[in-house]
Amino acid sequence: FGSSTRPSDRRWHVCERSRPPLTPLWEPSSVSPLPVLFHSAMAATFPSKQAIVVGGGLAGMTAANTLLEKGANVVVLDKSSFCGGNSSKATSGINGSETRTQKQKGIKDTNDIFYSDTMSGGAKKPEIAKVLVHESGPAVDWLMDTFALDLSLVARLGGHSAPRTHRGKERFPGMTITYALIQMIEKIQENTGGNMAQIITKARATDLISNNGAVIGVKYERQGAEIKVFGPVILATGGFGADFTANSLLSKYRPDLMHLPTSNGEHCTGDGIKMGEAVGGATIDLEWVQVHPTGLVKIGDEDAKVKFLAAEALRGVGGLLLNAEGDRFANELGRRDYVTGEMWKNKAPFRLVLNSMASKEIHWHCEHYKGRGVMRKFDTGADLAKEMGIPVKKLEDVMEAHYQVSLKQEKDPQGGPYPAYPDGKSWDEPSGKTDCGKKFFHNVLRGDQVATETFHVAIVTPVIHYCMGGLTISAKSEVVNGKDKAIPGLYAAGEVAGGVHGNNRLGGSSLLDCVAFGRVAGRACAEYMLGADVTTTSLVTLAGGMPGQTESKPAASTTAAAPAAVETASGYTLEEVAKHVTKDDCWVVVNGQVLNVTSFLKDHPGGELAILTFAGKDATAEFNMIHPPDVVQKYAPDCVIGALGGGAAAAAGGASVAVAASKGEMGQPEYHWWGPDRNRAADYGPIVFSFGWYFRAVWAMVVSFVAEILKTIFTVKNFTISGDRSGLTRSACLL
């Protein structure tokens, strides 16, 4: 322990044991940030300008990028092997009102209309809803401007009075957006030598560190060691929708949902909520858990506990929900809780049916779902009717009735006999009888077109999807206590924060919540930490240039001739790959490379099922739909065992493995320290002969001693003689 003699500048630097050995025990904060494990224990006095973000999903990455924009340094902790979280699986898009894209397309939407929809959709805290809505347009524009993202397509989802859910032309929007923000942090980390940004994966946060009521750091576990990192904290750990243990928040607040499958990754166990509660944070709405109506059922694996989600955009482009008899039974564009409730009243299986016009508009999603085996294409309506076990005439009548209603609604929008959602009147009987009449129609099909029409169809079922409840926050994303007072140094963004959506979240507002409140939390944390020193900095400048675009076209596939590949001494055939199809022995082919992903399954951000679906097969088309081209080399180089056919590709693959293997397990750098040596091998042994660092440590010690001597001579007042011996007594005791 070391302390200055000046009460106004007292700092303690605490050494925690870690592997590999740490950087010098002290670095002047004016030169570079202090190491992760040495920091101030005084609330709001953070000499390294360092904040801690717990959670590497979209909310966490938004907060981290915002902190960097405002002149702060950031450490991101994530307990999974890779960052991304549930955000990377979001499929519909991000909501935004008064955006540049809307204006270019002539879409009439305002913040007031969006606010009204949000409150009608279930929100109960007007001051929080206003932040969500008024930050939405700037958030979408920020993503496009700062990260060069394509968000040029806009759709209307359930509960929205205008088209405002933005997505790009390729890939799932959640993956596209989240990966772009991760790339920016990684590029800044690389460009600054780790001095401004750092990502630490496989780091499970366990406790918040507090001092006099303020949060000043986090304890986390990694590779069997407990480590402390100091700075104000932004929690972005997500919800608890995948924790089915007996003492889980789900079991405590919604035991009636424990039997349902979930769309959440296994990391969603409510860690951030529990840590916040432990330091006095209040919670709100924990009983409100959203059940999404359209989890995708895979034939042959109907009882899977984790299911892929059918994007709400499928209904937004005109998809219809049919029950077992082939009837419509609800407003497909109603609130999620409403649609789920109507499904409980009807007979399964339920089918989500898209005609050719709707399928074309959302072609990418359909191809993706077909590749995963959760959607089928029917060449004719007759084929679909046969599979459903109903007469084709029944299907024609249902489609014709829907078509006629769309004409009436267009001709006389306020003349219908049923109440419409969110307001007005509706002519649609199936939904009108539920008091949630449909009034928006898109890509409608006539009945006489059904017999020869092509359809894309998925069987769907309700799944646990989103936790509206969480830690109570202020309009500045501060976590508040039971007296509604902000806890200094603690912020929350994303699903971990409660009260944003009330008892139901509108589709497209999850990604928005992450970006809007991630930015709010990042700004508020920077202001708390830096005060008047907050500056506006270009992320691209910090990164030394724009990172690789997430929408980049993947390298040309080398698998076009794969079926005819001939086995060579250094390559594999598809027949050989096809022998490895189990969880204990799983191979796949991606862009001509053969990957043994057996040990990688548990770490895959999209879950094991996403890979096992393609076990023993060529997964190139599906892989390139979702992933940027550098993913394998960057995150899983050790999985590459060779190539299809010739030895050249195999050699190239081997070279990439050799280069990336120096980064450690699964290609991820072992980020234990700051500075250029952070990517060395993981285990140095008990003694490190790094003379450069020892010299720096000695030099820093000498400088600090000289500085303290000079400050003592020139800034401390002269002693006065008195009879008070208490100071001498304390000194004697200490000695």
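One can find the structure itself at the top, above this paragraph.
These notes cover the structure that comes with them. (Residues numbered from 1 in each chain as written. Predicted model: local features only at pLDDT ≥ 70, side-chain atom pairs only at ≥ 80, totals over all residues. Heavy atoms only, no water.)

Once that is clear, we can look at the overall build of the protein. Each helix and strand in the protein was counted, giving 24 helices and 27 strands. Within the protein, the fraction of its 735 residues that count as buried is 56%. Intrachain contacts of the protein at a sequence separation of at least 6 include 72% that bridge at least 24 residues. As presented, the protein carries roughly 30300 Å² of accessible surface, and 56% of it is formed by carbon and sulfur atoms. (Helix = DSSP H or I, 4+ residues; strand = E, 2+ residues; numbered from the N terminus. Buried < 20%, exposed > 50% of the residue type's maximum accessible area, 1.4 Å probe, protein only. Contact = heavy atoms within 4.5 Å. Areas by Shrake-Rupley, 256 points an atom, 1.4 Å probe, with all protein chains shown as cover.)

Interhelical geometry of helix 1 (residues 58-69) versus helix 6 (residues 173-191) gives an angle of 40° and a closest axis separation of 9 Å. Put simply, helix 1 runs oblique to helix 6. Seen along the crossing, helix 1 lies across helix 6 with a hand that is left-handed. Residues L58, M61, T62, A64, N65 and L68 of helix 1 pack against I177, T178, L181, I182, M184, I185 and I188 of helix 6. (Axes fitted to C-alpha atoms, helices over the stretch in contact; angles between N-to-C directions. Parallel < 35°, antiparallel > 145°, perpendicular 65-115°, else oblique. Left-handed = near helix turned anticlockwise from the far one by under 90°.)

Turning to the sheet that holds strand 9 (residues 225-230), a few remarks are in order. Spatial strand order, 7-8-9: three strands in an open sheet with antiparallel pairing. The open sheet has two edge strands with one neighbour each: strand 7 (204-211) and strand 9. Geometrically, the sheet is characterised by an average inter-axis angle of 25° between neighbouring strands, direction not taken into account. As paired strands, strand 8 (residues 214-222) and strand 9 are joined by six bridges and run antiparallel to one another. From the neighbouring strand, R222 faces strand 9, where its bridge partner is A225. (Pairing = 2+ DSSP bridges.)

What follows concerns the pairing of strand 27 (residues 640-644). Burial analysis of strand 27 places four of its five residues in the buried class, which makes it a mostly covered element. By the bridge criterion, two bridges tie strand 23 (residues 571-572) to strand 27 in an arrangement that is parallel. Paired with Y572 across the two strands is L644, which belongs to strand 27. As judged from the three bridges shared by strand 26 (residues 593-596) and strand 27, these two strands associate in the antiparallel manner. Residue pairing in the sheet places V594 in a bridge with G642 of strand 27.

Look at helix 1: 16 Å from first C-alpha to last across twelve residues, which is about the 16 Å you get at 1.5 Å a residue. Considered for burial, the residues of helix 1 that qualify are L58, A59, G60, M61, T62, A63, A64, N65, T66, L67, L68 and E69. (Expected span 1.5 Å × (residues − 1).)

What follows deals with the sheet that holds strand 2 (residues 73-77). Adjacent strands of a sheet form backbone hydrogen bonds with each other and so pair up, either parallel or antiparallel. Strand order across the open sheet formed by six strands is 6-2-1-10-21-20, with mixed pairing between neighbours. Only two strands of the sheet have a single partner each, and these edge strands are strand 6 (197-200) and strand 20 (478-480). Averaged over neighbouring strand pairs, the angle between their axes works out to 30° when direction is ignored. One ladder, built from three bridges, connects strand 1 (residues 50-54) with strand 10 (residues 233-235); its direction is parallel. Counted as the bridge partner of I52 is V233 from strand 10. Relative to strand 21 (residues 486-492), helix 16 (residues 509-530) is tilted by about 145°, and along the sheet it contacts strand 1, strand 10 and strand 21.

Moving on, we come to the side chain of H292. Turning to its location among the elements, H292 is positioned in strand 12 (residues 289-296). Of the residues examined, H292 reaches a relative accessible area of 0% and is grouped as buried.

Our focus in this paragraph is the side chain of T237. Counting through the fold element by element, T237 comes out in the loop between strand 10 and helix 7 (249-253). With relative accessibility at 18%, the residue T237 sits in the buried group. Among the polar contacts made by the side chain of T237, one reaches the main-chain amide nitrogen of G272 at a distance of 3.2 Å. (Polar contact = N/O pair within 3.5 Å; in protein donor to acceptor, adjacent residues only side chain to side chain.)

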